[in-house]
Amino acid sequence: MSKSKFYQRPDGLYETIRTIKGRRVAFRGHTVREVEQKMLAYRETVAAGRPFPIVADEWEREHEKEIGEATRESYRHVVQRLKEVFAGPIGAIRPLDIKRHISHMERQGYAGSTVRKELSALRMICAHAVLAGDIDVNPVTEVHPSRGLPRTTREALTEAQEAIVRKTWDTAPFGLFALLLLFTGLRRGEALALTYADIDRRAGVIRINKKLNYAYGETPRLEGWTKTKNGMRDVPLLQPLADALPDYRVGLIFPGKDGGYMRKGEIRRTWQKYCRAVGLNQVVISDQGKRMETFPVTPHCLRHSFATICYEAGLDVRQAAKIFGDTPEVLNEVYTHLREERQKSAAEKLADYFGAV
C-alpha cells in the first residue's frame, strides 16, 4: 500500500478510510505500518465474522426496546446457552453445526417448543449478523427441528383434583387463591394484584385493570393494561367464589408476609406448601433411584380448568376470549383441543358400550 493513501492528522496520527463490505471504516496509528497491521487484522476478523457471543449481545441490546420484558426474559437463558455452544467466530458456523446442536437437544428429550425457540433465537441473531456485515448468508435458514418431538402442555385439573380445590379452599394455606384461579381463569400476576376494591358485588364482576410482572426478578412491578385492550376487562364473579371471598375488607386479597405484593420466591414456596397440604404434589423416583418431590399442578393449570368450565357451560369462543383477556384465535386453539378430548371420550364410551353387550 502506498503512503499516499494515508492522511496524517493534525495530532500526528496516520489515518485511512476503507469501505469493507459496504461499511466505511477508519484506521488510525502512529505509523503507516501500524495502520496497515490494523487493516489486515480487521479484514481477517471480518472474513471470519466477529465472535458469536459479541454479535448475540449486540442483537439483545438493539432489540431490548422492541420486545416485552417477559419475552426477553424467556429468551435470555436460550441466548446464554447458544453463546456457550457457539463461542467462536460467527462466520465459522455451518448449517451442519446447527443441526448437530439441535439433534443433541432432541436426544436429550427437550420439548419441541424449546427446540423451536432455540432455532428462532439463533435465526434472529444470524439475521442480525447478515445486516451487520459479519456473514453473507444466514446458516439457520435450512435447519428445521425433527417431527414428533415431545410436547409440554399444562393440562387442566382432573375432576378429582378440581374437587380438592373446591373442598379445601378454606382449610389449606393459599386455598382461596387456588379457588379464585379456578373460577376466574386469571393469570397469576393478575390475581396477585387484586384488591378488595376490584370486587364489584353489586355488578357481579371482578374488575381486572392491572397486573404484577415478575419477569424482572424477585420483586414484581405493578403494571396497568395500557398495551392491549384485551387485558382490561370484567370477569364474572361466580357464586361459589363470591361466597368464599370475604366481604367488607380493604387492601390486597393476597398480600405477602410484609403486607405488600408477594415476591416470586414467596409465591413458589406458598404454592408448594398448598399442594403438599391438599395432596396435589407428587413423589417420583429419579433415574438414580432418588425420591424427588414434583409439583405438576401449577397456577396456570387452573386457567385451563376454567377454560373447560367455559366450554362445558356453552360459552362460544368470543365470549370466553373476552373473559380470559385473550384473542378469539388463542381461545379457539384451546376449544379445539377440548373438542378433540370430548370426541375421544365419546368414542371410548361407545367402545365400552359395545364391549359390554
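Reading the values: rules and limits
- Residues numbered from 1 in each chain as written.
- Predicted model: local features only at pLDDT ≥ 70, side-chain atom pairs only at ≥ 80, totals over all residues.
- Heavy atoms only, no water.
- Helix = DSSP H or I, 4+ residues; strand = E, 2+ residues; numbered from the N terminus.
- Buried < 20%, exposed > 50% of the residue type's maximum accessible area, 1.4 Å probe, protein only.
- Areas by Shrake-Rupley, 256 points an atom, 1.4 Å probe, with all protein chains shown as cover.
- Salt bridge = Lys/Arg side-chain N within 4 Å of Asp/Glu carboxyl O.
- Contact = heavy atoms within 4.5 Å.
- Pairing = 2+ DSSP bridges.
- Core = buried A, V, L, I, M, F, W, Y, C linked by side-chain atoms within 4.5 Å.
- Phe/Tyr/Trp six-rings, centres within 6.5 Å; stacked < 30°, edge-to-face > 60°.
- Axes fitted to C-alpha atoms, helices over the stretch in contact; angles between N-to-C directions.
- Parallel < 35°, antiparallel > 145°, perpendicular 65-115°, else oblique.
- Left-handed = near helix turned anticlockwise from the far one by under 90°.
- Nonpolar A, V, L, I, M, F, W, Y, C, P; charged D, E, K, R; others polar.
- 1 Å grid on protein atoms, 1.4 Å probe; cavity = no way out; pocket = protein on both sides within 12 Å on 5 of 7 lines; lining within 4 Å.
- Points joined across faces, edges and corners; volume = space filled by probe spheres on them.
- Patch = residues over 30% accessible without salt bridge, like charges linked within 9 Å, V, L, I, M, F, W, Y side chains within 5 Å.
- Lys, Arg positive; Asp, Glu negative; His and termini not counted.
- Charge placed at Lys NZ, Arg CZ, Asp CG, Glu CD.
- pLDDT = per-residue confidence, 0-100.

Participant: Tell me what's going on with the overall build of the chain, and back it up with residues and numbers.
Facilitator: A tally of regular secondary structure across the chain gives 13 helices and 10 strands. The burial tally for the chain puts 39% of its 357 residues in the buried class. Carbon together with sulfur atoms contributes 52% to the accessible area of the chain, which is approximately 21200 Å² in total.

Participant: How would you explain the pattern of salt bridges if you had to name every residue and give the values?
Facilitator: Under the definition given, this model contains 19 salt bridges. Residues R50 and E58 are paired through a salt bridge, measuring 3.0 Å at the closest nitrogen-oxygen approach. E58 gets classed as buried once you look at its relative accessible area, which sits at 17%. A salt bridge links R303 to D326; its shortest N-O distance comes to 2.8 Å. You can see R303 sitting in helix α11 (residues 299-312) and its partner D326 sitting in the loop between α12 (317-324) and α13 (328-356), a full 23 residues away along the chain. The residues R303 and D326 share a single accessibility class, namely buried.

Participant: Explain the environment of L280 to me, and be specific about the residues and the numbers.
Facilitator: Here L280 is to be found in the loop between α10 (264-278) and β9 (282-285). Sequence separation of L280 and T294 is 14 residues, and the distance between their C-alpha atoms is 9.3 Å. Residues contacting L280, with those up to four places away along its chain left out, are Q161, I164, V165, Y274, C275, P296 and V297.

Participant: Outline the sheet that holds strand β8 (residues 233-236), listing residues and values.
Facilitator: Pairing is antiparallel across the open sheet formed by 3 strands, whose spatial order is β4-β5-β8. If you trace the sheet from one side to the other, it starts and ends with β4 (199-200) and β8, each paired once.

Participant: Outline the nonpolar core, supporting the account with residue identities and numerical values.
Facilitator: Membership of the largest hydrophobic core comes to 52 residues, with the highest contact counts inside it found for L180, L192, W271 and Y274. Secondary-structure elements contributing two or more residues to this core are α7 (175-184), α8 (188-192), β5 (205-208), α9 (239-244), α10, α11, α12 and α13. The element contributing the most residues to this core is α7, with 8 residues. In contact with W271, not counting residues within four places along its chain, are F174, F177, A178, V297, T298, P299 and L302.

Participant: Go over the packing of aromatic side chains, please, and point to the residues and values.
Facilitator: Summed over all chains, the structure comprises 8 aromatic pairs. Their ring planes at 85 degrees and their centres at 6.2 Å tell us that F174 and F254 sit as a pair that is edge-to-face. Residue F174 is found in the loop between α6 (159-167) and α7, and its partner F254 is found in the loop between α9 and α10; the two are separated by 80 residues along the sequence. Judged by relative accessible area, F174 falls into the buried class, the value being 13%. Measuring from centroid to centroid gives 5.2 Å for F177 and F254, while their planes differ by 85 degrees, and the two rings are edge-to-face. Of the two residues, F177 sits in helix α7 while F254 sits in the loop between α9 and α10, which places them 77 residues apart along the sequence.

Participant: Can you tell me about the packing of α6 against α7, naming the residues and giving the values?
Facilitator: The geometry of α6 relative to α7 is characterised by a closest axis approach of 8 Å and an angle of 125 degrees between their N-to-C directions. Here α6 lies oblique to α7, going by the angle between them. For α6 against α7, the interelement crossing comes out left-handed. Together, E162, V165 and R166 of α6 and A178, L179, L182 and F183 of α7 make up the contact between the two elements. Across the contact of α6 with α7, the residue classes tally to 5 nonpolar, no polar and 2 charged.

Participant: So what about the packing of helix α2 (residues 52-63) against helix α5 (residues 112-132)? Which residues, and what values?
Facilitator: The geometry of α2 relative to α5 is characterised by a closest axis approach of 9 Å and an angle of 95 degrees between their N-to-C directions. Comparing the axis directions of α2 and α5 gives the class roughly perpendicular. Mapping the contact onto sequence places F52, V55, A56, E58, W59, E62 and H63 in α2 and L122, M124, I125, H128, A129 and A132 in α5. A class-by-class count of the residues in the contact of α2 with α5 yields 9 nonpolar, 2 polar and 2 charged.

Participant: Pulling in residues and values, what's your account of the layout of surface pockets?
Facilitator: Empty space within the second largest pocket amounts to approximately 210 Å³. Lining the second largest pocket are 13 residues, with P173, F174, G175, F254 and T270 positioned closest to its centre. Elements supplying a minimum of two residues to the lining of the second largest pocket: α7 and α10. Among the elements that make up the lining of the second largest pocket, the one with the highest residue count is α7 (3 residues). The residue inventory of the lining of the second largest pocket, partitioned by class, reads 10 nonpolar, 2 polar and 1 charged.

Participant: Describe a positive patch on the surface, listing the residues and the values that go with them.
Facilitator: Together, K257, R263, R268, R269 and K273 make up a region of like positive charge exposed at the surface. Take R269: it is sitting in helix α10.

Participant: Would you mind going over the environment of E190 in detail, with residue names and values included?
Facilitator: Among the secondary structure elements, E190 is positioned in helix α8. By relative accessible area, E190 is classed as buried at 2%. Linking E190 and N209, residues 19 residues apart in sequence, is a C-alpha distance of 8.4 Å.

Participant: Let's hear about the confidence of the model for the chain: which residues, and what values?
Facilitator: Segments scoring low in pLDDT should not have their predicted coordinates read at a detailed level. For the chain, mean pLDDT is 85; residues scoring 70 or higher make up 87% of the total. Confidence, read as mean pLDDT per element, is least for α13 in the chain (75) and greatest for α7 (97).

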